[in-house]
Amino acid sequence: MAIIRPLTAFCTAVFAGTLRNFAHSDFNPAGAASIDKTCPVDGCCDGVDCDPKVHARHHTYWEKMAAGLQFAFNELMTDLTKWFILGVFLAGAITALVPDTWIHEISGQGLVVYLGVLFLSLPMYVCATLSTPIAAALIMKGLSPGAALVLLIAGPATNIATVTMVAASLGKRTLLIYLGAIVSFTLAFAYLTDWLYAAWGLPIPGMIGAEQSTELWWLETVAAVILGILMLRSVWKLLCAKLVGAGSMHQDSSACCRSGGLEPAG
C-alpha cells in the first residue's frame, strides 16, 4: 500500500496533465496567479531582478537542506498534526464501535465495492493525512485494500472544495479530465491492488493488527515517540500562537478605546 498509493497518484497526475495539454484550452492564462520566485531560504532576493543562475547559487546545498527541514518540522508538521489527530481518533472509533463482521457482510471485492466507496468519497472533506488511519481501520474491519485505496486517492482529490476550486480556476473541461483521470486510474489500481494481495496470499488484517509481532518493534517505538514529540511541539506552538494573537487583539482594542476617549471594560 505504501508503494501503490503514491504510484497511483503519480500516474493519475501525469495522465491528467498530458491529456489536458492535448485538449483545447478554456483557461485564461492572464487570470492565473503570478509565480513567486522569492528565495525560499531567507528571502534574500525576489528572483526577478537577478540572473537565474546567480539566484540559484545564493545558498549552498546544506543551507537549502536546512531550510527544507525547518519547513518540514515547523509549518508542515503544524498543518498535519490536527488532521492526523482527528484521523487517529476516527480510526479508533471505527475499531471500537464497528463490529468485525459488519464490513465483511456488506462488502467484498470488485467493481461494485469500488464504486460504492468512490460514491461515498465524493462528498467527504478529507485530506490525505486524515484518510490514512481511517483506511487502515477499515481494512482491519474487512474492507479490501483495493477499496481502501479508492478512499485514499479519491477522498482527498474529489471532495466538494477541491472540485469547486478546480472548476473555478482551471475551467469545466479541465475538471472533467481531472475527475475522469482520478476515477479511471483509481479503479484500475484498486483492482490491481486486490489482485496482488490475492495472488501473493497476504493476510490483510494480520499485517496491520497490533497482535502481530515484528522484529522491528524498536524502530516502530522510536518512530512513534519522535512523532509524538513533534506533534506535541506543534500543538504547543498552535496554543502559543492563539494566546499571543488573543493578547495582541486585546492590546489593540485597549489602545483604540483610549485613543477615542473611552476606557475598555474590565
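Residues numbered from 1 in each chain as written. Predicted model: local features only at pLDDT ≥ 70, side-chain atom pairs only at ≥ 80, totals over all residues. Heavy atoms only, no water.

> How should the overall build of the protein be read in this particular structure?
Helix and strand counts for the protein stand at 11 helices and zero strands. In sequence order, the protein lays out its α and β elements as α-α-α-α-α-α-α-α-α-α-α. A separation of at least 24 residues holds for 76% of the contacts in the protein among residues at least 6 apart in sequence. When the accessible area of the protein is evaluated, it comes to approximately 17,500 Å², of which 71% is carbon and sulfur surface. (Helix = DSSP H or I, 4+ residues; strand = E, 2+ residues; numbered from the N terminus. Contact = heavy atoms within 4.5 Å. Areas by Shrake-Rupley, 256 points an atom, 1.4 Å probe, with all protein chains shown as cover.)

> Is there a simple way to explain helix 5 (residues 111–121) in this structure?
An α-helical segment advances 3.6 residues per turn. Residues three or four places apart therefore align on the same side. Those residues of helix 5 that sit buried are V113, Y114, V117, L118 and S121. Here the buried residues of helix 5 occupy an arc of 135° about the axis, which is enough to place them on one side. For helix 5, exposure combined with an orientation more than 90 degrees from the buried face picks out L111, V112, F119 and L120. (Buried < 20%, exposed > 50% of the residue type's maximum accessible area, 1.4 Å probe, protein only. Arc of directions from axis to C-beta.)

> Explain the environment of Y197 to me, please; I cannot follow it from the model alone.
Considering the arrangement of structural elements, one finds Y197 in helix 9 (residues 172–200). For Y197 and G146, which are 51 residues apart along the polypeptide, the C-alpha to C-alpha distance reads 9.1 Å.

> Before we go on, may I ask you to explain the packing of aromatic side chains in this structure?
The relative placement of two aromatic rings is captured by the distance of their centres and the angle of their planes. Inspection of the entire model under this criterion finds three aromatic pairs. Each ring, one from Y61 and one from W62, has its centre 5.1 Å from the other, and the planes form 80°; the classification is edge-to-face. By way of ring pairs, the aromatic residues F15, F185 and F189 are connected into one cluster. (Phe/Tyr/Trp six-rings, centres within 6.5 Å; stacked < 30°, edge-to-face > 60°.)

> Would you mind showing me how to read the packing of helix 5 against helix 7 (residues 145–157) here?
Any two packed helices are characterised by how steeply their axes cross, that is the angle between the axes, and by the distance between the axes. At their nearest, the axes of helix 5 and helix 7 sit 9 Å apart, and the two run at 30° to each other. One element, helix 5, and the other, helix 7, form an angle in the roughly parallel class. Every pair of crossing elements has a handedness; the one defined by helix 5 and helix 7 is right-handed. On the side of helix 5, the interface is formed by V113, Y114, V117, L118 and S121, while helix 7 contributes G146, A147, V150, L151, A154 and G155. (Axes fitted to C-alpha atoms, helices over the stretch in contact; angles between N-to-C directions. Parallel < 35°, antiparallel > 145°, perpendicular 65-115°, else oblique. Left-handed = near helix turned anticlockwise from the far one by under 90°.)

> How should the packing of helix 5 against helix 9 be read in this particular structure?
It is at 11 Å that the axes of helix 5 and helix 9 come closest, and there the two elements cross at 130°. With respect to helix 9, the element helix 5 is oriented oblique. In this structure, helix 5 crosses over helix 9, and the sense of that crossing is right-handed. On the side of helix 5, the interface is formed by L111, Y114, L115 and L118, while helix 9 contributes V183, L187, A190, Y191 and D194.

> Please explain the side chain of T186 as it appears in this structure.
For T186, the position within the fold is in helix 9. For T186, a relative accessible area of 1% corresponds to the buried category. Ignoring anything within four residues of it in the chain, the contact list for T186 reads T8, L149, V150, I153 and A181.

> Quick question: what am I supposed to make of helix 8 (residues 160–170) here?
Taken together, the buried positions of helix 8 are T162, V163 and V166. Axial view of helix 8: buried residues confined to an arc of 100°, hence all on one face. Along helix 8, the residues that are exposed and aim more than 90 degrees away from the buried face are I160, M165 and A168. Structurally, helix 8 contributes buried residues whose contacts are with helix 7 and helix 9. Following helix 8 by one or two positions, G171 has its phi on the positive side, about 100°.

> Could you clarify how one ought to interpret the side chain of R5 in this entry?
The topology assignment puts R5 in helix 1 (residues 4–22). Salt bridges are absent for the buried R5, whose nearest opposite-charge side chain, D194, sits at 15 Å. (Lys, Arg positive; Asp, Glu negative; His and termini not counted. Salt bridge = Lys/Arg side-chain N within 4 Å of Asp/Glu carboxyl O.)

> It is not clear to me how the confidence of the model for the protein should be interpreted in this structure. Could you clarify?
Detailed reading of the predicted coordinates is not advisable wherever pLDDT falls low. Confidence in the prediction for the protein averages 78 pLDDT; 79% of positions are at 70 or higher. Ranking the elements of the protein by mean pLDDT puts helix 10 (residues 204–208) last, at 56, and helix 1 first, at 90. This model gives residues 253–266 a pLDDT under 50, and the stretch forms five contacts once residues within four places in sequence are excluded. (pLDDT = per-residue confidence, 0-100.)

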